2 protein chains.
Amino acid sequence: MSAVIADNRRADLVRVAARLFRERGFDGTSTRDIADAVGMRSGSPFYHFRSKQELLAAVMEQGLVAGLPAAEAIVAGGLPPRDKFRALVRAHLETVLGEGQDFIPVLLYDWRRLTPALRARVQVLRDRYDQLWQDVVSELSAAGLLRSDSAVARLLLLGAVNYTVLWYQPGRGADLDQIAEEAVTMFLGSQP
Amino acid sequence: MSAVIADNRRADLVRVAARLFRERGFDGTSTRDIADAVGMRSGSPFYHFRSKQELLAAVMEQGLVAGLPAAEAIVAGGLPPRDKFRALVRAHLETVLGEGQDFIPVLLYDWRRLTPALRARVQVLRDRYDQLWQDVVSELSAAGLLRSDSAVARLLLLGAVNYTVLWYQPGRGADLDQIAEEAVTMFLGSQP
DNA sequence: CCTACCGATCGGTAGG
DNA sequence: CCTACCGATCGGTAGG
C-alpha cells in the first residue's frame, strides 16, 4: 500500500517534470519548480531521484517505453510497405506532437544535458526505436519505393519528422494526419 | 582608433560566446566563462552587452547576416532549379555544419532562450532566410520537380537539413557534399 | 574595462 | 517525505 503511494508520487514527479522541462527547458526548470507543482517541499524530489539528471533520464525513458510498443506493432504487422511507413510516421508524430506528450520532446530538446553515463543508458532504448525505422526504410527500399536506403537518407527522414516539434502548432495549419500524408508524399511520391 | 579596439573586443565576445553556447548550451555557459575565454573580468561583458540574452541575440544575428548574402546570390543566380536547390542546400549545410560555424547551431539549439522582444528582432532576419527557401521551392514546383510545394513540405525539408546539426560528425560518415546530394536525391529523385 | 560586491537562486544533503 | 540548511554559482551593477 505504501509502496503504491510512493510509486504514484514518483510517477507524479516524472509527469510534471516532463511538462515543465518541455515548456521551459531542463536548465530553465528548477527542482523547486517541480516540487512545488506536485505539492512537495524543495528537498523531497531527491528522495525519489538521486539527482536532477536522473529525473531527466526517467522522463526520456518513460517516453521511449510508452512509444515503443505501438511502433513495434506497426513494424511487425502485415501492412504493405507504403501503408506501414505512413502508419509509423503517424504514430511517431503522435508521440512527438500529441497532446500531453511531453516526454519525447524533452528527449529531443535536452538530450545533451544528460551526463555521458545516463546518455548511454537511455541510448539503449533509442537504438531500439532507430532500428524500427531502419527496418521500415529497408522494406521500402526493397520494394523500390524509396530513392535511397542509406543511413543518411534515414537520418534526413527522421530529422524532417522530429523537427516538427519546433514548428508545429496545434490548431494552426496542418494537423497530424496532414503532416503524415505530406511526409509520405515527399519521400515516396504521390502514386503507390 | 579606440573605437576599433572596442569593436574588436565586442566581436571577440560574440565569437567566443558562439563557440561556448554551441558546446555547452546557453544556460550551461556563464557570462564568467565567456569573460575568462576572452581575458576579461567577470563584469566586463556587461559593458558591451546589456544582458546575457543580448549577447545571445548578437550571436544569432551575426550568423544570419553572415549566411544571407551567399544564399541570396544563389537564389538570384541563373542556375537551373535542380542545381539551384542543390547549391542552396550545400550552402546551408556549410552554414550549419562547417568548421567554426557556431552561430546558426546556437540559433537552432537555443532559440527558445530569447526573450520575446529579442526573438521578434532576430525573427526579421530569419524571415528573409525562410523566404529564400520558399522562392526556390516554388521554382522547383513550377518546374514540376517537387511533389508538393505546400508550407508543410518546405518545413519538412528545412527540418531534415537543420536536424543534421544533431547527428553530423565531421570526419565520420558522409561529408557535406554527400549529405547535400542525398537530400537532393530524396526530395527531387535521382534523375533531372 | 576593472574592482568589489549584492541579492537571488540553485542542486543537493543530514537528520529525523 | 519534511525541516533546516549549506556551499557554490550566477547575472548584473555602482563607482571609478
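Residues numbered from 1 in each chain as written. Chains lettered and ligands numbered in written order. Predicted model: local features only at pLDDT ≥ 70, side-chain atom pairs only at ≥ 80, totals over all residues. Heavy atoms only, no water.

Chain A carries the name TetR/AcrR family transcriptional regulator in an unreviewed UniProt entry, which gives Duganella callida as its organism.

**Describing the overall build of chain A**
Each helix and strand in chain A was counted, giving 10 helices and 0 strands. Dimensions along the principal axes, computed over C-alpha positions, put chain A at roughly 60 × 35 × 35 Å. With 192 residues in all, chain A has 50% of them scored as buried. Long-range contacts, defined here as pairs at least 24 residues apart, represent 72% of the contacts in chain A between residues at least 6 apart. When the accessible area of chain A is evaluated, it comes to approximately 8,900 Å², of which 50% is carbon and sulfur surface. Here chain A contributes 23 positive and 23 negative side-chain charges, whose respective centroids are spaced 6 Å apart. (Helix = DSSP H or I, 4+ residues; strand = E, 2+ residues; numbered from the N terminus. Buried < 20%, exposed > 50% of the residue type's maximum accessible area, 1.4 Å probe, protein only. Contact = heavy atoms within 4.5 Å. Areas by Shrake-Rupley, 256 points an atom, 1.4 Å probe, with all protein chains shown as cover. Lys, Arg positive; Asp, Glu negative; His and termini not counted. Charge placed at Lys NZ, Arg CZ, Asp CG, Glu CD.)

**Focus on the UniProt feature "DNA-binding region" (unreviewed entry) in chain A**
Mapped onto the present numbering, the UniProt feature "DNA-binding region" (unreviewed entry) falls at residues 30–49 of chain A. Between the end C-alpha atoms of residues 30–49 of chain A the distance is 14 Å, and the span holds 60% helix and 0% strand. (UniProt positions renumbered as here; feature names shortened; annotations may be inferred.)

**Regarding the protein's contact with DNA strand D**
If you check the shell around DNA strand D, you find 16 residues, and the closest are A:Arg9, A:Ser44, A:Tyr47, A:His48 and B:Lys52. Close to the protein, within 4 Å, the atoms of DNA strand D belong to sugar or phosphate groups at a rate of 57%. Within the contact set of DNA strand D, a phosphate oxygen lies 2.2 Å away from a side-chain nitrogen or oxygen of A:His48. Contact distances for DNA strand D include 2.7 Å between a phosphate oxygen and a side-chain N or O atom of B:Lys52. Broken down by secondary-structure element, the contributors of at least two residues to the surface near DNA strand D are α3 (45–48) of chain A together with α2 (31–38) of chain B. For the surface near DNA strand D, the per-class residue count stands at 3 nonpolar, 8 polar and 5 charged. (Near = heavy atom within 4 Å. Polar contact = N/O pair within 3.5 Å; in protein donor to acceptor, adjacent residues only side chain to side chain. Nonpolar A, V, L, I, M, F, W, Y, C, P; charged D, E, K, R; others polar.)

**Some thoughts on the interface of chain B and chain A**
The interface is formed by 36 residues belonging to chain B together with 36 residues belonging to chain A. Where chain B abuts chain A, roughly 3,000 Å² becomes buried across the two surfaces, and 66% of that area is made up of carbon and sulfur atoms. The largest per-residue losses of area from chain B upon contact with chain A belong to B:Arg147, B:Leu156 and B:Met186, which jointly make up 26% of the total buried on that side. Scanning the region where chain B abuts chain A turns up 0 salt bridges. Looking at the side of chain B that touches chain A, the elements that each hand over two or more residues are α1 (2–24), α6 (103–110), α8 (151–162), α9 (164–167) and α10 (176–188) of chain B. Among the residues forming the side of chain B that touches chain A, the class breakdown is 18 nonpolar, 9 polar and 9 charged. (Buried area = accessible area lost by both parts, 1.4 Å probe. Salt bridge = Lys/Arg side-chain N within 4 Å of Asp/Glu carboxyl O.)

**Some points on the UniProt feature "domain: HTH tetR-type" (unreviewed entry) in chain A**
In the UniProt entry, the feature "domain: HTH tetR-type" (unreviewed entry) is given for residues 7–67 of chain A. End C-alpha atoms of residues 7–67 of chain A are separated by 21 Å, and the span's content is 75% helix alongside 0% strand.

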